[in-house]
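If you want the building blocks of each chain, they are given just below.
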Amino acid sequence: MVMLSKALILDGNRVATEIKERLAGRVEKLAAHGIVPCLATILVGDDPASATYVRMKGNACKRLGIRSVRVDLPSETTTVELIAAIQALNEDPNVHGILLQHPVPHHIDERAAFDSISIDKDVDGVTTQGFAQNAFGFAAFPSCTPAAIMAILDYYKLPVAGKHAVVIGRSPILGKPVSAMLLNEDATVTTCHSKTVGLEHHVRSADIVVAAVGKPKFVQGDWMKPGAVVLDAGYNPGNVGDVDYEACLPHASAITPVPAGVGPVTIATLLKHTVDAAERISREVK
């Protein structure tokens, strides 16, 4: 197999910085109209990884001048109680975006909770309605990680139209929506999952590989088509992604590292969606 000498490292920090720089002026303009963009994050239980993610999102908001409201609920919270908390945020005119940190405790109906978020405040793109809008290509707030992947491809001017994209993973907030977004940009998309037969065969034919399977170093270097673009949406203990980075690096023409790849752009996208939602309110106020 031909091995390429040097892959382009798709620096997510660089992409995220540019997104946030463009947001700064928009936040200032909203402030001049008396509107401070506000993101409410809901954390159910005491999972340390989830708590870390929520804290990171809150810090990112603070640095940009976005107000962050954190709602902490005990692990024994019921679905009804969680939906009531979400409804209170839906009705709060000072809250522009709502994020329910995934995953929630197993006894909670997560889909019902997600779908109780107002579509106008679904800045993480988790509702069924938002998913449908994304599939049709007109979602105001597509799921943040898929949107981040598309932003990276766009930033580095990596062509999508006419390419064969293989997405490994079919979750409703990552694998499925990114498959739809790639399809809407005229890629030919194969979505693979735990029941896929001959996974390696599918990956070897891919011009673009999106790994969203939740297994550390799952995607191997010898699966890669020479010159493939590799986007690793995974994050596992030990700061490793779903792709065996070192093994895939010699085969790829471009690849995201973990960390500092898709993750920072996901957070920047969440902030952008929150500002977008606040601007919608601003236009309504006028």
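Cut-off values and rules
- Throughout, residues of each chain are indexed from 1 in the direction in which the sequence is written.
- Note on the predicted model: pLDDT of at least 70 is required for a residue's local features to be given, and 80 or more for side-chain atom pairs to be given and counted; whole-chain, interface and lining totals, by contrast, use all residues.
- For the side-chain quantities, the full set of heavy atoms in the structure was used; hydrogens and water were omitted.
- Secondary structure elements follow DSSP: runs of H or I of four or more residues count as helices, runs of E of two or more count as strands, with numbering from the N terminus.
- In this setup the radius of gyration rests on C-alpha atoms only. A globule is expected at 2.2 Å times the number of residues raised to 0.38.
- For each residue, the accessible area found with a 1.4 Å probe, counting protein chains only, is set against the maximum for its type, and the residue is called buried under 20%, exposed over 50%, and partly exposed in between.
- In this analysis, two residues are considered to be in contact whenever any of their non-hydrogen atoms come within 4.5 Å of each other.
- Computed with a 1.4 Å probe, the accessible areas rest on the Shrake-Rupley method; for each residue, only the protein chains presented here act as cover.
- The convention used is that axes are lines fitted to C-alpha atoms, helices contributing only their stretch in contact, and that angles between N-to-C directions extend from 0 to 180 degrees.
- Should an angle lie under 35 degrees it is considered roughly parallel, over 145 roughly antiparallel, and from 65 to 115 roughly perpendicular; all remaining angles are considered oblique.
- Classes in brief: Ala, Val, Leu, Ile, Met, Phe, Trp, Tyr, Cys and Pro nonpolar; Asp, Glu, Lys and Arg charged; the others, Gly included, polar.
- Only residues whose relative accessible area exceeds 30% and that form no salt bridge enter a patch; like-charged residues are grouped when within 9 Å of one another, and nonpolar side chains (Val, Leu, Ile, Met, Phe, Trp, Tyr) when within 5 Å.
- A side-chain nitrogen of Lys or Arg and a carboxyl oxygen of Asp or Glu constitute a salt bridge if their distance falls within 4 Å.
- Pairs of strands are assigned from DSSP output, requiring at least two bridges between the strands.
- Under the convention used throughout, the expected extent of a helix is 1.5 Å for every residue step, that is, one less than its residue count.
- By the criterion applied in these results, polar contacts are pairs of N or O atoms within 3.5 Å in which, for protein atoms, one can donate a hydrogen and the other can accept it, and in which residues neighboring in sequence qualify only through two side-chain atoms.
- The definition of a nonpolar core used throughout is a set of buried Ala, Val, Leu, Ile, Met, Phe, Trp, Tyr and Cys residues joined through side-chain atoms within 4.5 Å.

Undergrad: Mind showing me how you'd approach the overall build of the protein chain here?
TA: Within the protein chain, the secondary structure is distributed over ten helices and nine strands. For 286 residues, the compact-globule estimate of 2.2 N^0.38 gives 19 Å, and the C-alpha radius of gyration of the protein chain, at 19 Å, lies within 12% of that figure. Across its three principal directions, the C-alpha atoms of the protein chain cover 60 × 40 × 35 Å. Every one of the 286 residues in the protein chain was classed for burial, and the buried ones make up 50%. Taking contacts inside the protein chain between residues at least 6 apart in sequence as the whole, the part at least 24 apart equals 72%. Counting only carbon and sulfur atoms, one obtains 55% of the accessible surface of the protein chain, whose full area is about 13400 Å².

Undergrad: Looking at this structure, I do not really get the packing of helix α5 (residues 128-136) against helix α7 (residues 175-184). What am I missing?
TA: Geometry of a packed helix pair, given as the angle between the helix axes and the separation of the axes. The contact between α5 and α7 brings their axes to 8 Å, and the two run at 25°. It follows from the interaxial angle that α5 and α7 lie roughly parallel. For the pair formed by α5 and α7, the contact residues are F131, N134, A135 and F136 on the first element and K176, P177, A180, M181 and N184 on the second. A breakdown of the residues in the contact of α5 with α7 according to their chemical character gives six nonpolar, two polar and one charged.

Undergrad: I'm lost on a nonpolar patch on the surface in this one. Help?
TA: A contiguous nonpolar surface patch, about 280 Å² in accessible area, is contributed by Y53, M56 and Y235. Mapped onto the elements, Y235 comes out in the loop between β8 (228-232) and α9 (245-248). Residue classification places Y235 among the partly exposed positions, given a relative accessible area of 42%.

Undergrad: What should I look at first to understand unusual backbone geometry in this one?
TA: Trans is the common state for peptide bonds, and a negative phi is the common state for residues other than glycine. Here H102 and P103 are connected by a cis peptide whose omega angle stands at 0°. Omega for the bond connecting V258 with P259 falls within 30 degrees of zero, at 0°, which places this linkage in the cis form. Considering the arrangement of structural elements, one finds P259 in the loop between β9 (252-255) and α10 (262-285). Although it is not a glycine, D186 sits at a positive phi angle of roughly 75°. Checked against the element boundaries, D186 lands in the loop between α7 and β6 (188-192). A positive phi angle is found at K217, which is not glycine, with a value near 55°. Secondary-structure assignment places K217 in the loop between β7 (208-211) and β8. The class for K217 is partly exposed, based on a relative accessible area of 44%.

Undergrad: Where do I start with the sheet that holds β6 in this structure?
TA: Within a sheet, neighbouring strands are paired by backbone hydrogen bonds and run either parallel or antiparallel to one another. The sheet built from six strands is open, its strands ordered β1-β9-β8-β7-β5-β6 with parallel pairing. Because the sheet does not close on itself, it has two edges, and the strands there are β1 (8-9) and β6. Sheet topology places β8 next to β9; three bridges connect them, and they run parallel. When the bridges of β9 are listed, V230 appears paired with I255.

Undergrad: Please explain helix α1 (residues 12-32) as it appears in this structure.
TA: Owing to its 3.6 residues per turn, the α-helix aligns residues three or four sequence positions apart on the same side. For α1, which comprises 21 residues, the first-to-last C-alpha distance of 31 Å matches the rise-based estimate of 30 Å (1.5 Å per residue) to within 8%. Buried within α1 are the following residues: G12, V15, A16, I19, L23, V27 and L30. You can read the cap of α1 off the contacts: a side-chain oxygen lies 3.0 Å from the backbone nitrogen of N13, and it is on D11.

Undergrad: Would you mind going over the pairing of β7 with me for this structure?
TA: When a strand is regular, its side chains alternate between the sheet's two faces. Burial along β7 is two-sided: I208 and V210 and V209 and A211, pointing in opposite directions, are all buried. Pairing of β7 with β8, which is carried by four bridges, proceeds in the parallel orientation. Bridge pairing in β8 places V210 opposite L231.

Undergrad: Please explain the nonpolar core as it appears in this structure.
TA: Looking at soluble globular proteins, one finds that nonpolar side chains tend to be buried together. Formed by 49 residues in total, the largest nonpolar core has its most connected members in I149, L153, L182 and L231. Mapped onto this core, the elements with two or more residues apiece are α1, α2 (48-64), α6 (144-155), β5 (164-168), α7, β7, β8 and α10. Sorting elements by how many residues they give to this core places α10 first, with nine residues. Leave out the neighbours within four places in its chain, and L182 touches M150, L153, V160, A165, V167, A187, V189 and V210. The next biggest cluster of nonpolar side chains, apart from the first, holds 19 residues, and it includes L73, L89, L100 and A113.

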